[in-house]
Amino acid sequence: MAEGHGKPSGPDLVEGIALSDLPDGGKLLGHCGDEQVLLVRRGAEIFAIGATCTHYGGPLVDGLVVEDTVRCPWHHACFDLRTGEALRAPAFSPLACWSVEQRDDRIFVGEKRKRTAAKPRNGGSGQVPEKIVIVGGGAAGFAAAETLRREHYQGSIVMLSNDEAPPVDRPNLSKDYLAGKAPEDWIPLRRESFYSKNDIDLRLNADVASIDARSREVVLADGARTAYDKLLLATGAEPVRLTIQGADQPHVHTLRSFADCKAIIERATTARRAVVLGASFIGLEVAAALRSREIEVHVVAPEKRPMERIMGPQMADFIRILHEENGVVFH
Ligand SMILES: Cc1cc2nc3c(=O)[nH]c(=O)nc-3n(C[C@H](O)[C@H](O)[C@H](O)COP(=O)(O)OP(=O)(O)OC[C@H]3O[C@@H](n4cnc5c(N)ncnc54)[C@H](O)[C@@H]3O)c2cc1C
Ligand code: FES
């Protein structure tokens, strides 16, 4: 999504590089045709994988190599150097891998390798459950369902979410999408067809009210019951809602869901001034996003400096000045 479209940088790896240019433990950015490729050397082994994180395009050349994995420097997705597989959130899609050859103290990158399906994880000697129910349609619930299918779980998967939207990239709701700089199709973690194609029974507007552990069923708010063999609770967290007078006015918003974000965007088209309550990550991201919509923004919070508790006073002052330079007023 955030990939650069300029000329690929670094040496042409098809032409080859000297082995001495890639010391043990080192990384090197090059290209094969138009594609940026990252070479990683671990002892006698050399890996060639896509250089751009499949989440939001983080530069893996700046990431950390830990054993046979590379971690993205931006949000710490983790990829297998041998297979390109995304081992940890927030990335789900794998990286491409290329074959590597060593001749006469030179390294050559060859063909892009065919993707092999992920190996089924050794589930131990226990019985495989027939039906897994996941409560929650956030990133965690989604990742669980996606990983089960990727690792060849054959049983039934039901995802129950009390949200009206399929799993979304929630962090983007306070950033580019709110600022009007990201298209709507960036927001769903996967298209709706993903769920039917992977036989994941995603049920939206399904509010789980209780669990009947004895009969192994979850009970929805409307009384409907869904049986499970294994149950995963991935219900996430809720924002702190203020109980002060006026908080229930229609033009007072909370930012959590896709629908919340769309409501704020709609309001922002006519609003002249916004007050953001809270001066930590999400509050300040919202302030920045709304400023780029040319709205007057005031941030109100009890702390003396924004994010001081997390970042310390010096960083907090830096952050405050940066926002003030962009027109945010702090109270
Ligand atoms: C605006 C915003 C910006 C953020 N930015 C960042 C960021 O930049 N970096 C970062 O690391 N994190 C960020 N976060 C935090 C990140 O989004 C969360 O850590 C992440 O969403 C947690 O995922 P989760 O699946 O555990 O829970 P959630 O995303 O909270 O999902 C929980 C799901 O459970 C459902 N649910 C809850 N109760 C029930 C019930 N009783 N029955 C049925 N379904 C239920 C909910 O509808 C939801 O679908 C941000 C969060 C917000 C709101
Ligand atoms: S861009 Fe790599 S983890 Fe987000």
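Residues numbered from 1 in each chain as written. Chains lettered and ligands numbered in written order. Predicted model: local features only at pLDDT ≥ 70, side-chain atom pairs only at ≥ 80, totals over all residues. Heavy atoms only, no water.

1. Observations regarding the site of ligand 1
Turning to step 1, where the next piece is worked out: For ligand 1, the set of nearby residues contains 24 residues, the closest of which are Ala140, Asn162, Arg170, Lys175 and Arg256.
Turning to step 2, where the next piece is worked out: In the model, a nitrogen atom of ligand 1 is placed 3.5 Å from a nitrogen or oxygen of the Asp207 side chain.
Turning to step 3, where the next piece is worked out: Against a free-state accessible area of 990 Å², the protein chains account for coverage of 72% of ligand 1.
Turning to step 4, where the next piece is worked out: Split into classes, the residues belonging to the shell around ligand 1 amount to eleven nonpolar, eight polar and five charged. (Near = heavy atom within 4 Å. Polar contact = N/O pair within 3.5 Å; in protein donor to acceptor, adjacent residues only side chain to side chain. Areas by Shrake-Rupley, 256 points an atom, 1.4 Å probe, with all protein chains shown as cover. Nonpolar A, V, L, I, M, F, W, Y, C, P; charged D, E, K, R; others polar.)

2. Some words on the environment of Lys7
Turning to step 1, where the next piece is worked out: Position of Lys7 among the secondary structure elements: in the segment before β1 (17-18).
Turning to step 2, where the next piece is worked out: Placed 185 residues apart in sequence, Lys7 and Glu192 show a C-alpha to C-alpha distance of 34 Å. (Helix = DSSP H or I, 4+ residues; strand = E, 2+ residues; numbered from the N terminus.)

3. Let's talk about the side chain of His323
Turning to step 1, where the next piece is worked out: Within the element layout of this structure, His323 appears in helix α7 (residues 313-325).
Turning to step 2, where the next piece is worked out: Setting aside residues up to four positions removed in sequence, His323 forms contacts with Leu284, Ala288, Val328 and Phe330. (Contact = heavy atoms within 4.5 Å.)

4. As for the pattern of salt bridges
Turning to step 1, where the next piece is worked out: What the rule picks out here adds up to 18 salt bridges.
Turning to step 2, where the next piece is worked out: Arg42 is the salt-bridge partner of Asp68, the closest N and O atoms lying 3.0 Å from each other. Of the two residues, Asp68 sits in the loop between β5 (64-66) and β6 (69-71) while Arg42 sits in strand β3 (residues 35-42), which places them 26 residues apart along the sequence.
Turning to step 3, where the next piece is worked out: On the basis of relative accessible area, Arg42 is assigned to the partly exposed category, the value being 33%.
Turning to step 4, where the next piece is worked out: For Arg103, the salt bridge identified is with Glu101, shortest N-O distance 2.8 Å.
Turning to step 5, where the next piece is worked out: The partly exposed category is assigned to Glu101, whose relative accessible area is 41%.
Turning to step 6, where the next piece is worked out: One network of salt bridges, with partners in common, ties together Arg42, Glu45, Asp68 and Arg82. (Salt bridge = Lys/Arg side-chain N within 4 Å of Asp/Glu carboxyl O. Buried < 20%, exposed > 50% of the residue type's maximum accessible area, 1.4 Å probe, protein only.)

5. Here's the deal with the packing of aromatic side chains
Turning to step 1, where the next piece is worked out: By the definition in use, this model includes six aromatic pairs.
Turning to step 2, where the next piece is worked out: Considering the side-chain rings of Phe142 and Phe194, the 5.6 Å spacing of their centres and the 45 degrees angle between planes classify their relative orientation as tilted. In this pair, Phe142 sits in helix α1 (residues 139-150) while Phe194 sits in helix α3 (residues 192-197), placing the two residues 52 residues apart along the sequence. Neither Phe142 nor Phe194 differs from the other in exposure class; each is buried.
Turning to step 3, where the next piece is worked out: Between the aromatic rings of Phe194 and Tyr195, the centroid separation amounts to 5.2 Å while the plane-to-plane angle is 90 degrees, which identifies the pairing as edge-to-face. Each member of the pair Phe194 and Tyr195 is classed as buried.
Turning to step 4, where the next piece is worked out: Members of the aromatic cluster, joined through ring pairs, are Phe92, Phe142, Phe194 and Tyr195.
Turning to step 5, where the next piece is worked out: Across the ring face of Phe108, the terminal group of Arg103 is positioned such that the distance to the ring centre comes to 4.2 Å. (Phe/Tyr/Trp six-rings, centres within 6.5 Å; stacked < 30°, edge-to-face > 60°. Lys NZ or Arg CZ within 6 Å of the ring centre and 35° of its normal.)

6. A word on the environment of Ser292
Turning to step 1, where the next piece is worked out: With respect to the helices and strands, the residue Ser292 is situated in the loop between α5 (281-291) and β19 (296-300).
Turning to step 2, where the next piece is worked out: For Ser292, a relative accessible area of 33% gives the class partly exposed.
Turning to step 3, where the next piece is worked out: A sequence separation of 15 residues divides Ser292 from Leu277, and the C-alpha atoms of the two residues are 18 Å apart.
Turning to step 4, where the next piece is worked out: Setting aside chain neighbours within four positions, we find Ser292 in contact with Ala179 and Lys181.
Turning to step 5, where the next piece is worked out: Reaching out from Ser292, the side chain makes a polar contact with the backbone oxygen of Ala289 at a distance of 2.7 Å.

Scope: geometric values only; no functional claims are made or implied.
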